[in-house]
Amino acid sequence: MKGALLRYVLYRIKEHPDTEVTYEAECLWCKWTAQPSTDSEAVDVECMSHTGRSGHKGFRRIRTSFAMVVRAE
Ligand SMILES: [Zn+2]
């Protein structure tokens, strides 16, 4: 269109500053949940310990992060 000014602005999404990724897990077979942690390995170890005690082998793992959309320069 003649005379029209089309302007495109690019954005990207990134981890929100001053936030941490947290990991959680819950057993699929009972109501057990792992202690939430910023250390994914610690949560995995807790799951394996729960399996050792209970024989429960299925877990729902949750990774929570915060995001922020910023203008791409
Ligand atoms: Zn369980």
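Peer 1: For this particular structure, what's the right way to read the coordination of the zinc ion?
Peer 2: Ideal values for angles at a metal depend on the geometry: 109.5 degrees with four tetrahedral donors, 90 or 180 degrees with six octahedral donors. Of the protein atoms, only Cys27 (SG), Cys30 (SG), His50 (NE2) and His56 (ND1) coordinate the zinc ion, at distances of 2.0 to 2.4 Å. Coordination at the zinc ion comes from four donor atoms whose angles at the metal span 107 to 112°, giving a geometry best classed as tetrahedral. For the zinc ion, the donor residues sit on a single chain with the sequence spacing C-x2-C-x19-H-x5-H. Of the two residues, Cys30 sits in the loop between strand E2 (22-27) and helix H1 (40-54) while His50 sits in helix H1, which places them 20 residues apart along the sequence. Here Cys30 falls in the partly exposed class, since its relative accessible area comes to 31%. His50 sits in the buried class, given a relative accessible area of 7%.

Peer 1: Looking at this model, I keep getting lost on the nonpolar core. Mind explaining?
Peer 2: General note: in soluble globular proteins, nonpolar side chains tend to be found buried as a group. Ala25, Cys27, Trp32, Ala34, Val43 and Cys47 together form the largest nonpolar core, which totals six residues. Listing elements by their share of this core, those giving two or more residues are E2 and H1. For Val43, the contacting residues outside a window of four places in its chain are Tyr23, Glu24, Ala25, Ala34, Gln35 and Ser37.

Peer 1: Can you help me understand the environment of Val70 in this one?
Peer 2: Looking at the secondary structure, you find Val70 in strand E4 (residues 67-71). Sequence spacing of Val70 and Arg60 is 10 residues, and the spatial spacing of their C-alpha atoms is 31 Å. With residues near it in sequence (within four places) discarded, Val70 still touches Leu10, Tyr11, Arg12 and Lys14.

Peer 1: What is the right way to read the environment of Arg60 from this model?
Peer 2: Tracing the sequence through the fold places Arg60 in strand E3 (residues 59-64). Arg60 sits 35 residues away from Ala25 along the chain, and the two C-alpha atoms are 5.4 Å apart. Beyond its immediate sequence surroundings of up to four residues, Arg60 is in contact with Glu24, Ala25, Glu26 and Leu28.

Peer 1: Would you mind showing me how to read the packing of aromatic side chains here?
Peer 2: To describe a pair of aromatic rings, you give the distance between the ring centres and the angle between the ring planes. Evaluation of the coordinates by the stated rule reveals one aromatic pair. Aromatic side chains Trp32 and Phe59 sit 5.8 Å apart centroid to centroid with 75° between the ring planes, which places their arrangement in the edge-to-face category. Of this pair, Trp32 sits in the loop between E2 and H1 while Phe59 sits in strand E3, and the two are 27 residues apart along the sequence. A residue is classified by how much of its surface remains accessible, and Phe59, at 22% relative accessible area, is partly exposed.

Cut-offs applied
- Throughout this description, residue numbers start from 1 for each chain and increase along the sequence as written.
- Where totals are concerned, whole chains, interfaces and linings use all residues; where local detail is concerned, this predicted model gives features only for residues with pLDDT of at least 70, and gives and counts side-chain atom pairs only at 80 or more.
- Where side-chain values are given, they derive from all heavy atoms of the structure, hydrogens and water being excluded.
- Coordination here is defined by N, O and S atoms within 2.8 Å of the metal (3.2 Å for Na, K and Ca), and since water is not considered, a site can look incomplete.
- Sites are called tetrahedral only when four donors show all angles between 85 and 135 degrees, square planar or octahedral only when four or six donors show opposite pairs over 155 degrees and all other angles between 65 and 115, and irregular in any remaining case.
- Going along the chain from the N terminus, every DSSP run of H or I of four or more residues is numbered as a helix, and every run of E of two or more is numbered as a strand.
- Partly exposed describes any residue whose relative accessible area lies between the buried limit of under 20% and the exposed limit of over 50%, with all areas from a 1.4 Å probe on protein chains only and scaled to the type maximum.
- Each nonpolar core is a collection of buried residues, namely Ala, Val, Leu, Ile, Met, Phe, Trp, Tyr and Cys, held together in the definition by side-chain atoms within 4.5 Å.
- Contacts were defined at the residue level, with two residues in contact if any of their heavy atoms lie within 4.5 Å.
- A pair of Phe, Tyr and Trp rings is counted when the ring centres sit within 6.5 Å of each other, with Trp represented by its six-membered ring. The angle between the planes then sorts it: under 30 degrees is stacked, over 60 is edge-to-face, the rest tilted.

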